[in-house]
Amino acid sequence: MKPGLFKPYYLYRFLRWKFGNRGPITAVAKVTNRCNLECDHCPWWKRDIPDLDTEEWLRLLEEARKRGAIHLIFEGGEPTLREDLDILIDHAKELGMLVMVITNGTIDLGKYDPDSYWVSVEGVGETHDKNREEGVFDKMVSNLKANRDVNKTACVTLHRYNAPQIEEIAAFFSPLTDGIWFNFMYPYEGAKDIALSPSQQRDVAERIIDLKDKERYKIINSYSYLESVGRNMDKKRETCPSFLTLLIDVDSTMKQGCTVEQIEDCKCDLCNAGCYGELTQAMKLKLDALNFLKKTMGLESDKLLWLK
Ligand code: SF4
Ligand code: SF4
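Here's what I pulled together on the structure shown here. (Residues numbered from 1 in each chain as written. Chains lettered and ligands numbered in written order. Predicted model: local features only at pLDDT ≥ 70, side-chain atom pairs only at ≥ 80, totals over all residues.)

What to know about the overall build of the protein
Okay, step 1: Along the protein, the regular secondary structure elements total 11 helices and 8 strands.
Okay, step 2: Computed over C-alpha atoms, the radius of gyration of the protein comes to 18 Å, within 12% of the 19 Å expected from 2.2 N^0.38 for 308 residues, which places it in the range of a compact globule.
Okay, step 3: Projected onto the principal axes, the alpha-carbon positions of the protein cover approximately 45 × 40 × 40 Å.
Okay, step 4: Looking at the 308 residues of the protein, the share that counts as buried comes to 43%.
Okay, step 5: Of the contacts made within the protein by residues no fewer than 6 positions apart, 76% connect residues no fewer than 24 positions apart. (Helix = DSSP H or I, 4+ residues; strand = E, 2+ residues; numbered from the N terminus. Rg over C-alpha atoms; globule rule 2.2 N^0.38 Å. Buried ≥ 20, exposed ≤ 12 C-beta atoms within 10 Å, placed from the backbone. Contact = placed C-beta atoms within 7 Å.)

Below, the structure written as structure tokens:
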């Protein structure tokens, strides 16, 4: 692994975050709980909270930028169900933020123009459809093929059903996407039966490390994060830099912290959430985790030099 060199500016920003500035770098805008699918283990589509209107979201995006966020994630539910998503994306870009949209991949990826999409992948073939519905996998794959020029990462949340398939997933999605990111399912109340235990997650992380070493798949998880999975679980709460994330909930509530807190009390000793895991390693100034953030948050974009 050869992490790219960081411009001194980025190092300066990370040092500021590490040693005092507790502002967020990423804002996660939950623009809807609605989804065109109804996955069993998903808590979001079961929440009955109406969407805010466009004007309110434009104001919230400005507020997020004022608080320091330079990276914006639109998520849901399925954010592409919002007819004004193009307006929100354009506004976030005008504010100077890098924009990512998390989607289940069933809606035309060419319809909007974010800096990147993260497409949620459950597995290959039937494994994907098992938690979604029949035919969704084929629809997603044809959408990926039809939009080869769009920047997209396959985002795979691992649990008991798809963990045996990581090799197959990496082989299948490497030619179709710009990267594959493995994450570990948090054991939400409604999902604890299928979530992997910390020791099972450790075993899976070893297999991912092995794949990165031996194959030329586009796995983007950092070694530093993968090596931390399942270790030091009793210290998670103290080390997790969840304050770097500003969550904007579907009802306009804004809060720095992790997404679990939007639903239930955190069980940090069972959590290996990938995004916060990478942030944890970045806060330790691990170059490969910093490099992961550079790629996924667009920190290599020169326009960030002009942001405060
Ligand atoms: S596609 Fe995603 S947001 Fe929609 S129900 Fe499934 S897990 Fe939830
Ligand atoms: S549940 Fe996970 S992401 Fe949330 S504060 Fe705990 S360790 Fe961090």
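On we go from here.
Observations concerning the nonpolar core
Okay, step 1: Judged by nonpolar contacts, the single largest core of 75 residues is most densely connected at Leu72, Val156 and Ile180.
Okay, step 2: Counting residues per element, this core draws most heavily on strand β3 (residues 98-103), at 5 residues.
Okay, step 3: Leaving out residues up to four positions away in the same chain, valine 156 has contacts with Val121, Asn162, Ile169, Ile180, Trp181, Phe182 and Asn183. (Core = buried A, V, L, I, M, F, W, Y, C linked by C-beta atoms within 7 Å.)

A few points about the sheet that holds strand β8 (residues 254-256)
Okay, step 1: Taken together, 8 strands build an open sheet; the order of strands is β6-β5-β4-β3-β2-β1-β7-β8 and the sheet is mixed. Edge positions in the open sheet fall to β6 (179-184) and β8, since each of these has one partner strand only. Direction aside, neighbouring strands of the sheet carry axes that sit 25 degrees apart on average.
Okay, step 2: Of the strand pairs in this sheet, strand β7 (residues 245-248) and β8 are connected by 3 bridges, and their pairing is antiparallel. Pairing of leucine 246 across the sheet is with glutamine 256, part of β8. (Pairing = 2+ DSSP bridges. Axes fitted to C-alpha atoms, helices over the stretch in contact; angles between N-to-C directions.)

Overview of helix α5 (residues 136-146)
Okay, step 1: Among the residues of α5, Phe137, Met140, Asn143 and Leu144 are the ones counted as buried. The buried residues of α5 occupy an angular sector of 130 degrees when projected down its axis, which confines them to one face. Residues Asp138, Ser142, Lys145 and Ala146 are exposed on α5 and point more than 90 degrees away from its buried face. (Arc of directions from axis to C-beta.)

A short note on the site of ligand 2
Okay, step 1: If you check the shell around ligand 2, you find Lys236, Arg237, Cys240, Ser242, Cys258, Val260, Cys266, Cys268, Cys271, Ala273 and Tyr276 and nothing else.
Okay, step 2: Residues that form the shell around ligand 2 fall into these classes: 8 nonpolar, 1 polar and 2 charged. (Near = placed C-beta within 6 Å. Nonpolar A, V, L, I, M, F, W, Y, C, P; charged D, E, K, R; others polar.)

Here we look at the pairing of β3
Okay, step 1: Here β3 lies mainly inside the structure; 6 of its 6 residues are buried.
Okay, step 2: Alternating residues of β3 divide into Leu98, Met100 and Ile102 and Val99, Val101 and Thr103, and every residue in both groups is buried.
Okay, step 3: With 4 bridges connecting them, strand β2 (residues 71-75) and β3 associate as parallel partners. Bridging from a neighbouring strand, leucine 72 pairs with valine 99 of β3.

A short note on the packing of helix α6 (residues 166-173) against helix α7 (residues 198-214)
Okay, step 1: It is at 10 Å that the axes of α6 and α7 come closest, and there the two elements cross at 40 degrees. The pairing of α6 with α7 is recorded here as oblique in orientation. Remark: the crossing between α6 and α7 carries right-handed chirality. Residues Ile166, Glu167 and Ala170 of α6 form the contact with α7, whose participating residues are Val204, Arg207, Ile208 and Leu211. (Parallel < 35°, antiparallel > 145°, perpendicular 65-115°, else oblique. Left-handed = near helix turned anticlockwise from the far one by under 90°.)

A short note on α7
Okay, step 1: Over its 17 residues, α7 runs 24 Å from end to end, which matches the ideal 24 Å to within 8%, given 1.5 Å per residue.
Okay, step 2: All of the buried residues along α7 are Gln201, Val204, Ala205 and Ile208. End-on, the buried residues of α7 take up no more than an arc of 110 degrees, which puts them together on one face. The exposed set on the far side of α7, more than 90 degrees from its buried face, consists of Ser199, Asp210, Asp213 and Lys214. (Expected span 1.5 Å × (residues − 1).)

Section: the packing of helix α10 (residues 274-283) against helix α11 (residues 287-296)
Okay, step 1: At a minimum axis distance of 7 Å, the contact between α10 and α11 shows a crossing angle of 125 degrees. Comparing the axis directions of α10 and α11 gives the class oblique. Crossing angle aside, the handedness with which α10 passes α11 is left-handed. Note on element contacts: α11 touches α10 through Ala289, Leu290, Phe292 and Leu293, opposite Glu278, Gln281 and Ala282.
Okay, step 2: Considered class by class, the residues forming the contact of α10 with α11 number 5 nonpolar, 1 polar and 1 charged.

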